[in-house]
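# Understanding the architecture of this molecule
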Amino acid sequence: MREPGDLSGGITRDVLERDGIRDAFAHRHPNVALNSDADMRRSITDTLAQRADAGDDRIWLFGYGSLLWNPCVALAETRSALLYGFHRDFRLKLDYGRGSPDAPGLMLGLVPGGCCRGMALQVTAHDLEHELLMVWRREMLTGVYRPRWVDVHTAAGPVAAITFVVNSSHRCHCRLEDGEVVRLLATGRGLLGTSAAYLESTVDRLDAEGIDDKRLRALHDRVVAYKR
């Protein structure tokens, strides 16, 4: 029988279908403010209403972190993609998820400046809003991100995609020196696992896609050295 707040298997489709992250956070982190499902459904509706080409029923996501290696939603197509104007960085210091009050961790987010190579992920059109709710339940539950339409460049042409940028007004937003980033990545641990495993999975997936993110690779190497 599953213990209350048990997410030892990580984020899976089953967890998202039963809104298990909310249940786990409510049990383990009752002081963390959570957006309601109704709030997230309104956010999805508002986001879809903002797309420039309302005649195109295809919906793409731009993945740059865990969506690359654990999307948990049905995908019709994936493409390597380049986003200008934002870059990924560890700008979210969390005491839940892959962190805890005793061992806070870090998560990636998109912040302004530079560019970011990731993947354009086309969500399967069947029951689109339900698929997007699965995405919102993992990305928008605590409000650390804001959904945003961006134009990404792919070999098959430009694509308008939804991505999730850092909410700079959230209490978890941070900007840390690299030494502290390495320490938190090496030691952060919570009910979703470790920050180090999150970094490793992201780097491994980027490598598999032929995407060379020198900063993430350097951080990964320093985290491995720190843990020795």
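### Side note on the environment of Ala120
Mapped onto the secondary structure, Ala120 falls in strand β3 (residues 105–123). The buried category is assigned to Ala120, whose relative accessible area is 0%. In sequence terms Ala120 and Ala155 are 35 residues apart; their C-alpha atoms lie 11 Å from each other. Once residues within four sequence positions are removed from consideration, Ala120 is found in contact with Trp60, Leu61, Glu77, Thr78, Arg79, Ala81, Val152 and Thr154.

### Digging into the pairing of strand β4 (residues 145–154)
As paired strands, strand β2 (residues 75–94) and β4 are joined by two bridges and run antiparallel to one another. The partner of Leu82 across the bridge, within β4, is His153. Taken together, the 10 bridges between β4 and strand β5 (residues 157–166) define a ladder with antiparallel strand orientation. Bridging across to β5, Pro147 finds its partner in Phe164.

### Overview of the nonpolar core
Among the nonpolar cores identified, the biggest contains 73 residues, and Phe62, Phe90, Leu132, Trp136 and Val152 are the most heavily contacted of them. Excluding its chain neighbours within four sequence positions, the residues that come into contact with Phe62 are Ala81, Leu83, Leu110, Cys116, Arg117, Gly118, Met119, Val152, Ala161, Ile162 and Thr163.

### Description of the packing of helix α7 (residues 195–208) against helix α8 (residues 214–227)
Remark: α7 packs on α8, axes separated minimally by 10 Å, with the N-to-C direction vectors making an angle of 140°. Classified by the angle between their axes, α7 and α8 sit oblique to one another. Here α7 and α8 pass one another in a crossing that is left-handed. Touching Ala196, Leu199, Glu200, Thr202, Val203, Leu206 and Asp207 of α7 are Leu216, Arg217, Leu219, His220, Val223 and Lys227, all from α8. The class makeup of the residues in the contact of α7 with α8 is seven nonpolar, two polar and four charged.

### Considerations on the side chain of Glu131
Here Glu131 shows up in helix α5 (residues 128–139). In this structure the side chain of Glu131 is engaged in a polar contact, spanning 3.0 Å, whose partner is the backbone nitrogen of Ala74. Residues within four places of Glu131 in sequence aside, it is in contact with Arg13, Val73, Ala74, Val123, Thr124 and His126.

### Examining the packing of aromatic side chains
Applying the stated criterion to the full structure yields five aromatic pairs. Measuring from ring centre to ring centre gives 5.4 Å for Phe25 and Tyr96, while their planes differ by 65°; the resulting arrangement is edge-to-face. Of the two residues, Phe25 sits in helix α2 (residues 20–28) while Tyr96 sits in the loop between β2 and β3, which places them 71 residues apart along the sequence. Residue class for Tyr96 comes out buried when judged on its relative accessible area of 3%. Here a set of aromatic residues connected by ring pairs shows up, and it is made of Trp69, Phe90 and Tyr198.

Definitions and cut-offs
Residues numbered from 1 in each chain as written. Predicted model: local features only at pLDDT ≥ 70, side-chain atom pairs only at ≥ 80, totals over all residues. Heavy atoms only, no water. Helix = DSSP H or I, 4+ residues; strand = E, 2+ residues; numbered from the N terminus. Buried < 20%, exposed > 50% of the residue type's maximum accessible area, 1.4 Å probe, protein only. Contact = heavy atoms within 4.5 Å. Pairing = 2+ DSSP bridges. Core = buried A, V, L, I, M, F, W, Y, C linked by side-chain atoms within 4.5 Å. Axes fitted to C-alpha atoms, helices over the stretch in contact; angles between N-to-C directions. Parallel < 35°, antiparallel > 145°, perpendicular 65-115°, else oblique. Left-handed = near helix turned anticlockwise from the far one by under 90°. Nonpolar A, V, L, I, M, F, W, Y, C, P; charged D, E, K, R; others polar. Polar contact = N/O pair within 3.5 Å; in protein donor to acceptor, adjacent residues only side chain to side chain. Phe/Tyr/Trp six-rings, centres within 6.5 Å; stacked < 30°, edge-to-face > 60°.

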